[in-house]
Structure formats: structure tokens, C-alpha cells
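Observations on the model geometry
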Amino acid sequence: QVQLVESGGGLVQPGGSLRLSCAASGSIASISTLAWYRQAPGKQRELVASITRGGSTTYADAVKGRFTISRDNARNTGYLQIVSLNPEDTAVYYCNALIRSIGGGNYGTYWGKGTLVTVSS
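Residues numbered from 1 in each chain as written. Predicted model: local features only at pLDDT ≥ 70, side-chain atom pairs only at ≥ 80, totals over all residues. Heavy atoms only, no water.

1. Observations regarding the pairing of strand β4 (residues 28-39)
One ladder, built from nine bridges, connects β4 with strand β9 (residues 91-101); its direction is antiparallel. In the sheet register, Ile 28 faces β9, and the bridge partner there is Ser 101. Here β4 runs beside strand β5 (residues 46-51); their pairing, made up of five bridges, is antiparallel. Looking at β5, one finds that Arg 38 is bridged to Glu 46. Linkage of β4 to β5, two consecutive antiparallel strands, is achieved through a turn of six residues, within which Gly 42 is found at a positive phi near 75°. (Pairing = 2+ DSSP bridges. Helix = DSSP H or I, 4+ residues; strand = E, 2+ residues; numbered from the N terminus.)

This is the structure:
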């Protein structure tokens with residue numbers, strides 16, 4: 001059984017920083033693309049950043065220059081560093097990854113349960 005667990009969310013003042021983590025566990029053979037999504041209250045879930053196993057990254061225009069996605073392949077963990085937070089960044093942040101299980105054939109899509117980031121003074 002494969003699981004993704006996010007951590008690092010919380011209440012932050014405008015202008016502050018956070019580092020979110022996404023730990024994958026279980027019978028994992030390989031993790032391909034890892035991504036972070038967010039869903040603000042009353043809005044649809046949106047992709048904010050993704051990173052390939054080789055380290056190539058993409059970002060949504062709204063977060064370029066403030067969000068940095070990274071990963072540690074040896075630890076099966078992904079990260080999202082966020083700086084200069086503003087109230088519009090308030091959302092539940094979800095980790096998503098394409099994972100091939102040990103003994104499995106194809107990659108499957110997995111989601112974590114999310115971590116809440118609240119930006120408020």
C-alpha cells in the first residue's frame with residue numbers, strides 16, 4: 001500500500017515562509033513526476049508546481065519566483081518552499097505523485113490528504 005503524507009502547513013503572517021513536505025511510503029519501486037496542488041476555499045484545485053524524477057520543474061504563473069519545488073529521491077520525499085506568503089496563498093496544499101509499486105506494472109496516481117496553509121495577520 002502506497003501513501004503520501006503532507007506536513008508543514010500552519011498559520012503564517014503575510015510575508016512569512018513555509019516549507020511543506022510530502023513523504024511517500026509503502027511498497028514503492030519508483031516515483032516519477034511529483035506535484036503540488038492547492039485548493040482555496042470556494043475554488044477548484046489548481047496545480048502550483050511539478051518536478052520530474054530528473055529534477056525538471058514547472059510552476060504556475062501565480063507562484064513563480066515565490067515557490068520552489070524540490071525532491072529527495074533517496075528519501076521518497078518532495079518539498080515545496082514558499083516565501084513572501086500572502087492571503088491569496090491560503091489553501092489546502094496537496095501532494096500528488098506518479099508511483100510504481102514493487103511488483104506492479106504501470107504507474108498509478110496517488111494523492112495525499114492535504115495540509116492547510118493559512119496566511120493571516
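Right, picking up where we left off after that structure.
2. Structural notes on the side chain of Ser 30
Summarising the element assignment, Ser 30 is placed in strand β4. A polar contact of 2.9 Å, which involves the side chain of Ser 30, links it to the side chain of Tyr 107. The contact partners of Ser 30, leaving out residues within four places of it in the chain, are Arg 53, Leu 98, Ile 99, Arg 100 and Tyr 107. (Polar contact = N/O pair within 3.5 Å; in protein donor to acceptor, adjacent residues only side chain to side chain. Contact = heavy atoms within 4.5 Å.)

3. Looking at the pattern of salt bridges
In total, this model carries five salt bridges according to the counting rule given. For Arg 38, the salt bridge is made with Asp 89, and the minimal N-O distance between the two is 2.9 Å. Here Arg 38, found in strand β4, pairs with Asp 89, found in the loop between β8 (77-82) and β9; they are 51 residues apart in sequence, far enough to count as distant. We note that Arg 38, like Asp 89, is buried. Across the salt bridge formed by Arg 66 and Asp 89, the nearest N and O atoms sit 2.7 Å from each other. Linking Arg 66 in the loop between β6 (57-59) and β7 (67-72) with Asp 89 in the loop between β8 and β9, this pair joins segments that are 23 residues apart in sequence. Assigned by exposure class, Arg 66 and Asp 89 land together as buried. Among the charged side chains, a network of salt bridges with common partners joins Arg 38, Glu 46, Arg 66 and Asp 89. (Salt bridge = Lys/Arg side-chain N within 4 Å of Asp/Glu carboxyl O. Buried < 20%, exposed > 50% of the residue type's maximum accessible area, 1.4 Å probe, protein only.)

4. Quick word on the sheet that holds strand β3 (residues 18-25)
Taken together, the four strands give an open sheet; going across it, the order is β1-β3-β8-β7, and neighbouring strands pair in antiparallel fashion. Because the sheet does not close on itself, it has two edges, and the strands there are β1 (3-7) and β7. In this sheet, neighbouring strand axes are inclined to one another by 15° on average, regardless of whether the strands run parallel or antiparallel. Pairing geometry for β3 and β8, over six bridges, is antiparallel. Pairing of Cys 22 across the sheet is with Gly 78, part of β8. (Axes fitted to C-alpha atoms, helices over the stretch in contact; angles between N-to-C directions.)

5. Structural notes on the state of the cysteines
This model, assessed by the stated rule, comprises one disulfide. In this model, Cys 22 is linked to Cys 95 through a disulfide, with the two sulfur atoms separated by 2.0 Å. Between Cys 22 and Cys 95 the sulfur-sulfur dihedral comes to about -75°; the bridge is accordingly left-handed. One end of the pair, Cys 22, is in strand β3; the other, Cys 95, is in strand β9, and 73 residues separate them in sequence. With relative accessibility at 1%, the residue Cys 22 sits in the buried group. (Disulfide = S-S within 2.5 Å.)

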